[in-house]
Amino acid sequence: RREAASRAQELLETVGLPDKAKAYPAQLSGGQQQRVAIARALVNNPAIICLDEPLSNLDAKLRVQLRGELKEMQKNFGITTVYVTHDQEEALTLSDCIAVFNNGVIEQIGAPNEIYNHSKTEFVCNFIGDINKVQPQLLSEIAAQTGAALDPKKASYVRLERVHVNMPAASGFASFKAKVVSREYYGLYIKYTLSLCGQTVKSIEKNDGTKYFETGEEVSVFIKPDDLMVY
């Protein structure tokens, strides 16, 4: 019993709840209850721990906080952790390695950067993050301006952060005149919906607090053919 009490206290300190040993569940917040659940899973020194949507019932701010704590704990314990989630942000920030499943089949296994920037299949490309499908007319214009060998019969995609608005002119980029259709403000960044070359394209721009593009405003858009993912 003494050993159990000592080990329990040690785990509670590890998950940041040293003063909660005698607390009842109703006296704990949602985040604290999640930490207790993790302590229970770790108390027997398992070789592998499986976490199935562990943060799904928490509010956004607490979810971000616990995400960082989970990553730190996993490093400190050195335990292989299998983390199941539908939250792509969680998958990308917490993982050393991601497996993307589609109908029970693994489409791709790789590091977060590889999964996001070098998606091996069209499913992974569409599933991870937000992305633009480049229509043949826009693709042909990119090829014409840059000399890149692009096949309009193939499916081509470009990530939102690779569509640049009003950036300084640079070599290797195709440039277009576009109109701002709408704007979504997220604080850290702003997402623009743009109309160019007969299609709608979304772009993410870092919010520097000084420049905003208004709905209806004419802007220049720059896309580099090397940033396209083609399938």
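As the structure is a prediction and not an experimental result, all values here were calculated from the model. (Residues numbered from 1 in each chain as written. Predicted model: local features only at pLDDT ≥ 70, side-chain atom pairs only at ≥ 80, totals over all residues. Heavy atoms only, no water.)

### Topic: the overall build of the chain
Secondary structure assignment for the chain yields 7 helices and 12 strands. A compact globule built from 231 residues should have a C-alpha radius of gyration of about 17 Å, whereas the chain, at 23 Å, is more than 25% larger. Viewed in the frame of its principal axes, the chain has a C-alpha envelope of about 75 × 40 × 30 Å. Sorting the 231 residues of the chain into buried and exposed places 35% on the buried side. Excluding contacts between residues fewer than 6 apart, the proportion of contacts in the chain whose partners are at least 24 apart in sequence is 60%. Of the accessible surface of the chain, which amounts to about 13600 Å², a share of 51% is contributed by carbon and sulfur atoms. (Helix = DSSP H or I, 4+ residues; strand = E, 2+ residues; numbered from the N terminus. Rg over C-alpha atoms; globule rule 2.2 N^0.38 Å. Buried < 20%, exposed > 50% of the residue type's maximum accessible area, 1.4 Å probe, protein only. Contact = heavy atoms within 4.5 Å. Areas by Shrake-Rupley, 256 points an atom, 1.4 Å probe, with all protein chains shown as cover.)

### As for the nonpolar core
With 21 residues, the main nonpolar core has Leu-138, Leu-194, Leu-196, Val-219, Val-221 and Ile-223 as its most contacted residues. Sorting the residues of this core by element identifies helix H7 (136-146), strand E8 (174-185), strand E9 (189-196) and strand E11 (218-223) as the ones contributing at least two each. Non-local contacts of Val-221, meaning those with residues more than four positions away in its chain, are made with Val-163, His-164, Ala-174, Ser-175, Phe-176, Ala-178, Leu-194 and Leu-196. Residues Ile-38, Ile-49, Leu-55 and Leu-58 belong to the second largest nonpolar core, which totals 19 residues. (Core = buried A, V, L, I, M, F, W, Y, C linked by side-chain atoms within 4.5 Å.)

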